[in-house]
Amino acid sequence: MSSTKEILQMDLYALLGVESTATEKQIKKAYRQRALSCHPDKNPDNPKAAELFHQLSQALEVLTDAAAKAAYDKVRAAKKQAEARNRNLDDKRKKIKLDLEARERAAENVKAEDIKITRTLEEEIARLREQGSRELQEQQRLIQEQIQKERGTHTGSSRSNEVTPKLKVKWKSKKEDDSNAGYSQECLLSLFQKYGEVLNVLISKKKRGSAVVEFASAKAAELACKNENGLMGSPLTISWLEGKPAPAPHSDFNASQSELRSERDYESVVLMRLRQAEERKRLIEEMKRDEGHTT
């Protein structure tokens, strides 16, 4: 999940296309409709669709949790009030000094309140990151079932012949820590399935603080590798294990073009030397003929 600052930069209601008064049922319905159209499995070559899917997942995660939604609504309302106050101040800059000082004192009180409610939202987001959102898991399961229905029943058999993308995940965990720094299979699944379908999560039994996450699509794995940070206080280090997408085709094209130019340059040098050798041979023969005439 993104930080509070990143979430505040988005209007979660507008992102889902619902009003701030929308019911939980309406929010879920809007999420399914929008997330289905931009799911990474349906748009493997569109990074913008994958990013939008990630943002929609964040919106659902916050807006379907009562405490997190209440905290977000307070911060959102305070942000709009601050914008309105700034507009009023712009219109009344010529007011007397006492009025300005009074406003500054009021602003200090408002600032303290803003800090308080922002901190509350940060705490709720941290809780969601720790616990995972059951509602998000359920909605993404429903979306994945819908995608599989659209593809038909042969999706699984076709995947069996392909190398599935896998990420290697590491974190710091002490030997005496039975909780493994808070990372369980359920926790890792909750963290990574926001980016797309997760096929498997394997936590190493021999090496603490290590796991492998297998994805259904390379785009979902790529998005997770780029964006996921893990639990607060115990960050993740993520790297590719296998199935990493190949470099852009144009780089191969440029390399082949460079090789082609090198081959052509070599051929030109060879032809030039052959011509020089022929020219020397011709001159030698002419010299021999001239010598024969003089004798």
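Residues numbered from 1 in each chain as written. Predicted model: local features only at pLDDT ≥ 70, side-chain atom pairs only at ≥ 80, totals over all residues. Heavy atoms only, no water.

The protein has the name DnaJ homolog subfamily C member 17 in an unreviewed UniProt entry, where Danionella cerebrum is given as its organism. Regarding the protein, the UniProt comment filed under Function (unreviewed entry) reads as follows: "May negatively affect PAX8-induced thyroglobulin/TG transcription." (UniProt positions renumbered as here; feature names shortened; annotations may be inferred.)

**Some points on the packing of aromatic side chains**
On inspection of all chains with the given rule, the structure shows three aromatic pairs. Relative to Tyr72, the ring of Tyr13 lies with its centre 6.1 Å away and its plane at 45 degrees, an arrangement referred to as tilted. With Tyr13 in helix H2 (residues 12-16) and Tyr72 in helix H5 (residues 66-91), the pair connects residues that are 59 residues apart, well separated along the chain. Centroid distance Phe192 to Phe215: 6.1 Å. Interplanar angle 80 degrees. Geometry classified as edge-to-face. Of the two residues, Phe192 is situated in helix H9 (residues 185-192) and Phe215 in strand E3 (residues 210-215); the sequence distance between them amounts to 23 residues. Each member of the pair, Phe192 as well as Phe215, is classed as buried. (Phe/Tyr/Trp six-rings, centres within 6.5 Å; stacked < 30°, edge-to-face > 60°. Helix = DSSP H or I, 4+ residues; strand = E, 2+ residues; numbered from the N terminus. Buried < 20%, exposed > 50% of the residue type's maximum accessible area, 1.4 Å probe, protein only.)

**Comments concerning the sheet that holds strand E6 (residues 237-242)**
Read across the open sheet, the four strands follow the order E2-E3-E1-E6; overall the sheet is antiparallel. The open sheet terminates on both sides in strands that have one partner only, identified here as strand E2 (198-203) and E6. The mean inter-strand angle of the sheet, taken between neighbouring strand axes irrespective of direction, is 25 degrees. In this structure, E2 lies alongside E3, joined through five bridges in antiparallel fashion. What sits directly across from Asn200, in E3, is Glu214. (Pairing = 2+ DSSP bridges. Axes fitted to C-alpha atoms, helices over the stretch in contact; angles between N-to-C directions.)

**Some remarks on the confidence of the model for the protein**
For any part of a model where pLDDT is low, the fine detail of the predicted coordinates should not be relied upon. Mean pLDDT over the protein works out to 78, with 73% of the residues at or above the 70 mark. Strand E1 (residues 166-170) holds the highest mean pLDDT among the elements of the protein, 94, whereas helix H8 (residues 155-159) holds the lowest, 47. The model gives residues 154-160 a pLDDT under 50, and that stretch makes seven contacts with residues more than four places away or in other chains. (pLDDT = per-residue confidence, 0-100. Contact = heavy atoms within 4.5 Å.)

**Description of unusual backbone geometry**
Non-glycine residue Asn180 carries a positive phi angle of around 55 degrees. Along the chain, the position of Asn180 falls in the loop between E1 and H9. Residue classification places Asn180 among the buried positions, given a relative accessible area of 10%. With a phi angle near 60 degrees, Ala181 is a residue other than glycine that sits in the positive phi range. The residue Ala181 is located in the loop between E1 and H9 in this model. Classification of Ala181 by relative accessible area gives buried; the value is 19%.

**A closer look at the pattern of salt bridges**
Throughout the structure, instances matching the rule amount to seven salt bridges. Between Lys166 and Glu214 there is a salt bridge, with its nearest N and O atoms 3.9 Å apart. Separated by 48 residues along the polypeptide, Lys166 in strand E1 and Glu214 in strand E3 bring together distant segments of the chain. Each member of the pair, Lys166 as well as Glu214, is classed as buried. In this structure, the salt-bridge partner of Lys166 is Glu242, at a minimum N-O distance of 2.5 Å. Here the residue Lys166 occupies a position in strand E1, and Glu242 occupies one in strand E6, the gap between them amounting to 76 residues. Lys166 gets classed as buried once you look at its relative accessible area, which sits at 16%. (Salt bridge = Lys/Arg side-chain N within 4 Å of Asp/Glu carboxyl O.)

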